[in-house]
Every structure is written in structure tokens, then in C-alpha cells.
Amino acid sequence: MKEDWAHTEKCLLRVAGSMGKLLRQIRPHISTRIIDGAGWERMLARADEVPPTYAAFPFGFEVPLQDPEPRADFGLSLVGDSRTAAIYQDNNRAGAADPAVARLAWLLDETDREDSPLRRVVGRKMLLEYDIDTGPGDDRPEPGIFLYPIDDALAGASGRERELGVVYDALVHAGGWRPDAAEREQLNRLYGALAPNTLIRALGTFPSRARTMRIAMTPFRRAAELAAFLDCVGWPGNSAAVADAVSPFEARGAFAYMGAHFDIGPGGVGPKLGLSFFASEKEWLKDVENWAGIIDCMGGLGCALPEKLAELTRWSTGSNTLFAPTGPIMLVRGIHHIKLVIAGDRIEQAKAYTFFLMMASRLKRGLESG
């Protein structure tokens, strides 16, 4: 795998000068009904700030399905020991003034070390989430930073509060904050409520937003199981309403499992719940049929615009072969998960998390070297 993505990174440097220029080249494969106008232009402006090598790893769009405006936020995978990672680390060593570069370089340096406690918990991958504002002004917030514990590194009932503390400390440092004992205690409390068959899947923070720690926990397979967990952790919303919202999906067998996303502060869990649906135990699905049940149920709930659901079904999955100066490059697109944001007893937002991945053929390189 490392040789494959390293080769793709090398090819992408010859294909485009930035991630924004690469997006312009693959524009025919990105629906204008999903992203267009000011949303597209703002996304290109942010993508112009980062190298095209990001496309060798999964990247994609966070699409609001209840909003008629064609816009999306932007997500990128940053993997250690890659050309992409080296760009941040080299720029930081050269004294780059951008605080985002320094934060990311510190995390990359920390997980480069084989004896790093952080690396033992989260490996060498992180996700960056760019908020794309389409309003007036030229606000360019730093991306949100998410770390992903390896396998069952933070499984429930495993007693790994120390490992959880390592991730917490890293995110506090990345956010430019000071540790908060009450916030840390609330995180431990939430972790302690997990059953042995559930785990912490991701932890993140947004340096440019008001201080928050976001945590994702999976898997939940039944509405009743999820509602009981919400009551256990003291979520201030209506857990019965959440169970009612999940019931149509469960009755249809539309999902393999669910994820619960919370914002954590010194006072406990925040008022909003992110509820993610995963169509299969496998990730990175590129067949829309896997998502038909979830999409149909969302339409039945009326929580997403019918035209956006139809466009998601038409456009979001598949693969194409692109022909570049470096040789053929496969472009794969699909849906990673679909999320409902619930506040109190109502569904406030519906989002689709679509992904792209580019893979360069190594055939041409083999012929040239042979």
C-alpha cells in the first residue's frame, strides 16, 4: 500500500500544482447540483492552499442535504511518512509563520517516533475538516483535526484511561489550549459508559472555533441500545425521540451500525447529537445500492431535500479512469457515512460524507524502469 500511494503522490505532483487545481481538473466528476457557485469557489480557494498529493488518500465533501444551496465542507486525510506530511514538516522546520502548519507538523513529528505513546494509540493518520463559509468576508479558519484510535485501542471496559489521556493531551496541544481537569474528567466519564463491544472511533477539535472536544463512538446496532446509552451519559436531548427517528432505519435493516458523536466540555456532553449511519461493516463503499435503504428512509422522514437525495444517488458513487501525463489514474468516489444532527427532539441537519480517492497505475513506471 505504501508503495502504491507514494507512487500516486509522485504522479500527482506532475498533474497539478495544488489540490485546488486538481479539483478543477476533475470538475466533470463533481455534481454542480451538490457544489457550485460561491461554495465551489470558496472551496477551491482553500484547496489551493494545500498540495495535490492529498488526493492519494481519501478526501471528500461534507454535503448538507437539507440546505438548497450547492455547498459542502472539505475533508482531507493526512498520513505520516508521506510526501504530503513531509511538506508540513519541512515548512515548519524552515520557520513557516502559519500556526496550522506548526500544529500539524507537531502531530506528525510525534507520531513519526516509534516509541511515541500517541502513535501506539492512533497510528499515523489524521483527518482535516475545512469549514467552507459562503457568506460575506474572507474567513479562513484552521481545519478541524481528528485522530483515529487503532482498532480497539480505546474499546469500552478496557481500562485505557491513560491512553485516552494521551490523545486528549495531543488535541489540547493542537488546539493551542491549556488542559482542563473538568473537561478531562467528562471525557473519562463518557468513555467509562461504553460497553465492552463499543469503542471510541475518533476524537477531534477545531482550533478556530470555541473550545470543544468532539468524540465519536461506535458501534450501536439498535435504537433501544443507543437511547439507553444517551440516558446513561446524560445527553440533555430527548433520547426517546432519537429512538423514534432510528426505528424506520432499523425496521428496514438499512444500516450495519450507527455512530454517536458528542461535543464534550467541562460541564458534560453538549446539546447536539451527531448520529451516523454506516451501510456496511466495510468502509469506503463505491456502490450506491448499499445506501438505498438509508436514503429512502431519510426521504420518508423529510429531513433532506428530495432533489439532493436524488442527486446523491445519481452522482456520489462509481469509478473512472483519467488519463494524465504520468499514465492512467483511477478516480474512485463513494459514500463513507450519512449523519443526522439532532438537537433536543428534532432532526436539525442531514449530511452525506462523500469520498474520492485517486490511484495512479504503476504499469508505466515499471515499463520505464525495465
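Coordinates for the structure precede this section.
Residues numbered from 1 in each chain as written. Predicted model: local features only at pLDDT ≥ 70, side-chain atom pairs only at ≥ 80, totals over all residues. Heavy atoms only, no water.

Participant: Honestly, unusual backbone geometry in this entry has me stumped. Any pointers?
Facilitator: Comment: phi is negative for the bulk of residues other than glycine, and the bulk of peptide bonds are trans. The omega torsion across Thr-218 and Pro-219 is -10 degrees, close enough to zero to call that bond cis. Its location among the elements puts Pro-219 in strand S6 (residues 213-220). The backbone of Asp-81 sits at a positive phi, close to 60 degrees, despite the residue not being glycine. With respect to the helices, strands and loops of the structure, Asp-81 is situated in the loop between strand S2 (73-79) and helix H4 (83-93). By relative accessible area, which is 39% here, Asp-81 ends up partly exposed. Its identity as a non-glycine residue notwithstanding, Ala-157 has a phi of 60 degrees, on the positive side. Looking at where Ala-157 falls in the secondary structure, it is placed in the loop between strand S4 (144-147) and helix H7 (161-175). (Helix = DSSP H or I, 4+ residues; strand = E, 2+ residues; numbered from the N terminus. Buried < 20%, exposed > 50% of the residue type's maximum accessible area, 1.4 Å probe, protein only.)

Participant: Hey, could you run me through the nonpolar core in this one?
Facilitator: Across soluble globular proteins, you tend to see nonpolar side chains buried next to one another. If you look at the biggest cluster of nonpolar residues, it comprises 110 residues, and the most contacted ones within it are Leu-23, Phe-61, Phe-74, Phe-262 and Met-298. Here this core takes seven residues from H7, the largest share from any one element. In this structure, Phe-262 is in contact with Leu-190, Met-213, Arg-214, Ile-215, Met-217, Phe-229, Leu-230, Val-233, Trp-235, Val-269 and Leu-273, ignoring residues within four places of it in sequence. (Core = buried A, V, L, I, M, F, W, Y, C linked by side-chain atoms within 4.5 Å. Contact = heavy atoms within 4.5 Å.)

Participant: Explain the side chain of Arg-27 to me, please; I cannot follow it from the model alone.
Facilitator: The residue Arg-27 is located in the loop between helix H2 (19-25) and helix H3 (37-47) in this model. By relative accessible area, which is 16% here, Arg-27 ends up buried. A polar contact is formed between the side chain of Arg-27 and the backbone oxygen of Ile-35, at a distance of 2.9 Å. The contacts of Arg-27, once residues within four sequence positions are left out, are Thr-32, Ile-35, Asp-36 and Trp-40. (Polar contact = N/O pair within 3.5 Å; in protein donor to acceptor, adjacent residues only side chain to side chain.)

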